[in-house]
Amino acid sequence: MKKTFQYRIKSNQETYQKAEKWLSLCRQLYNDCLNERVIAYKENKKSISQYDQMRRLPQLKKVFSGFKQVNSQTLQDVIQRLDKAYQGFFRRVKNKEKAGFPRFKGQNRYDSFTLKQTGWKLDNEHLDIKNVGKFKILYSRPIEGDIKTITIRRSPSDKWFVSFSCNNVPQKLLPKTKKEIAIDMGCQSFLTDSNGRKVDNPRFFKKSEDILTMRQQRLSQRKLGSERRNKARLLVVKIHQKIFNQRQDFHFKTANNLIKENDKIYIEKLKNWKTFKGLNRSMRDAAWFQFFNILRFKAAEASREVIEIPAQNTSQLCSKCGQLVEKDLSVRVHKCPCGLEIARDWNAALNILRFGQSLRLIPRIS
Ligand SMILES: [Zn+2]
């Protein structure tokens, strides 16, 4: 399977400056190629392909010697990125979706470059990029599989990262447990499983989100274009990143626990969250989507199954007798005339488990 491994990298000022120079040249090439396509279309109704543009790279290197320093495959990748942006645009137009035409990249809008098989060397904890310099890699886990491409990225807060895209990453098969579980995503707890166990949102989420609100307020009070505004903006970026990392760590841990203990995990299909109004609501739902993606990814890695069931009346139906017991969101306990009295979310998780298992019994029509 394919997998990307990302690490923080560190180096000296000289190397950072050279990497910045590459970013700036890549951005220039991107904008030039975009410009060329736009003009060719406006003036002659002609479209230029990525291959046309790649063929002109040697000429470009002759005229602008700065490009000689940059790896050829890196420059080709810039043109491929532009081509992808074009294809994405036309696909969205065809599907009648909202489609923005590919844009020229402003100074801080081009933040990564990619290398393929050549022009770099990996020597234990050092990544040496020809004509840029040596970076120290801060490993958090080992790289696996065969490295296909590497991408160097500068974050908005000026930290540098490398991503290794790898093929043939071995699956980490876990021993079968013969256990199945269903989870219900909640508002008060993060999730409740069909064994009645709850996983709560870590308390530090709230703390970080409060800091974010405070910093955003401060940013809005600073004068446009001022140095103080720029500082305030960086602080907002930093806390955003912190929240993202904290949330991702929490999602990975939660997913790993579920996968370790169960062969099959049933989840309920989420409604289209973009249609929801209200920021808190959409942030929470976005987090659920992210969690499901991580859960599916980790499951595929370990050859476990995540089974999505269509949204049903899981919170209203009784998981014991199937009766409809209507209740609004404030009612946290499911209390049925049949005698069942359990936490609302536990009842929902039991319904998801039951629906999921019954779906499996129906032979698939192919
Ligand atoms: Zn009942």
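Cut-offs used in this document
Residues numbered from 1 in each chain as written. Predicted model: local features only at pLDDT ≥ 70, side-chain atom pairs only at ≥ 80, totals over all residues. Heavy atoms only, no water. Buried < 20%, exposed > 50% of the residue type's maximum accessible area, 1.4 Å probe, protein only. Helix = DSSP H or I, 4+ residues; strand = E, 2+ residues; numbered from the N terminus. Pairing = 2+ DSSP bridges. Expected span 1.5 Å × (residues − 1). Polar contact = N/O pair within 3.5 Å; in protein donor to acceptor, adjacent residues only side chain to side chain. Donors = N, O, S within 2.8 Å, 3.2 Å for Na, K, Ca; no water. Phe/Tyr/Trp six-rings, centres within 6.5 Å; stacked < 30°, edge-to-face > 60°. Lys NZ or Arg CZ within 6 Å of the ring centre and 35° of its normal. Salt bridge = Lys/Arg side-chain N within 4 Å of Asp/Glu carboxyl O. Axes fitted to C-alpha atoms, helices over the stretch in contact; angles between N-to-C directions. Contact = heavy atoms within 4.5 Å. Core = buried A, V, L, I, M, F, W, Y, C linked by side-chain atoms within 4.5 Å.

**A word on the pairing of strand β2 (residues 112-115)**
A regular strand places its side chains on the two faces of the sheet in alternate fashion. On β2, burial covers both faces: Ser112 and Thr114 on one face and Phe113 and Leu115 on the other are all buried. The pairing of β2 with strand β6 (residues 146-154) spans four bridges and is classified as antiparallel. Counted as the bridge partner of Phe113 is Ile152 from β6.

**A word on helix α4 (residues 72-94)**
Between its first and last C-alpha, α4 extends 33 Å over 23 residues, near the 33 Å set by a 1.5 Å rise per residue. Of the residues making up α4, those classed as buried are Gln73, Thr74, Leu75, Asp77, Val78, Ile79, Leu82, Asp83, Tyr86, Gly88 and Phe89. Capping the start of α4 is the job of one residue whose side-chain oxygen sits 2.8 Å from the backbone nitrogen of Gln73: Asn71. Immediately downstream of α4, the backbone of Lys96 shows phi near 55°, a positive value.

**Brief notes about the coordination of the zinc ion**
Of the protein atoms, only Cys318 (SG), Cys321 (SG), Cys336 (SG) and Cys338 (SG) coordinate the zinc ion, at distances of 2.2 to 2.3 Å. Accessibility expressed as a relative area gives 8% for Cys336, which makes it buried.

**A word on the packing of aromatic side chains**
Counting across every chain of the model gives 16 aromatic pairs. Ring plane angle 45° and centroid distance 6.1 Å describe the contact between Phe291 and Phe292, whose orientation is recorded as tilted. We classify Phe291 as buried; its relative accessible area is 0%. Residue placement shows Arg354 over the ring face of Phe355; its charged tip is 5.4 Å from the ring centre.

**Looking at the pattern of salt bridges**
Inspection of the entire model under this criterion finds 19 salt bridges. Between Lys3 and Glu301 there is a salt bridge whose closest N-O contact spans 2.4 Å. Taken together, the positions of Lys3 in strand β1 (residues 3-10) and Glu301 in helix α7 (residues 279-302) put the pair 298 residues apart, joining distant regions of the chain. Owing to a relative accessible area of 6%, Lys3 belongs among the buried residues under this scheme. Overall, the relative accessible area of 4% leaves Glu301 in the buried class. The partner of Asp158 in a salt bridge is Arg154, and the shortest N-O contact between them spans 4.0 Å. A relative accessible area of 53% places Asp158 in the exposed class. Salt bridges here are not isolated pairs; linked through shared partners, they connect Lys3, Lys298 and Glu301.

**Points about the sheet that holds β1**
Pairing in this open sheet of seven strands is antiparallel, and the strands run β2-β6-β7-β1-β5-β4-β3 from one edge to the other. Two strands bound the open sheet, and with one partner strand each, they are β2 and β3 (120-123). Each neighbouring strand pair of the sheet contributes to a mean axis angle of 30°, computed without reference to strand direction. Bridge count for strand β4 (residues 126-129) against strand β5 (residues 133-138) is four bridges, and the pairing is antiparallel. Considered in β5, the bridge of Leu127 is made with Phe135. Set on the sheet, helix α1 (residues 13-44) makes contact with β1, β2, β4, β5, β6 and β7 (160-167); between it and β2 the angle comes to about 90°. Sitting on the sheet, α4 is in contact with β2 and β6, with an inclination near 120° to β2.

**Section: the nonpolar core**
Judged by nonpolar contacts, the single largest core of 40 residues is most densely connected at Leu29, Phe113, Leu127, Ile129, Ile152 and Val162. With 11 residues, α1 is the largest single contributor of residues to this core. Setting aside residues up to four positions removed in sequence, Val162 forms contacts with Phe5, Gln6, Tyr7, Ile9, Leu127, Ile150, Thr151 and Ile152. Grouped together as the second largest cluster of nonpolar side chains are 19 residues, Met185, Leu258, Leu295 and Ala299 included.

**Brief notes about the side chain of Asn262**
For Asn262, the location among the structural elements is in the loop between α6 (227-261) and β11 (264-268). At 2.9 Å, the side chain of Asn262 forms a polar contact with the backbone oxygen of Leu258. Sequence-distant contacts of Asn262, that is, excluding residues within four places in its chain, are made with Thr177, Lys179, Glu180, Ile181 and Arg304.

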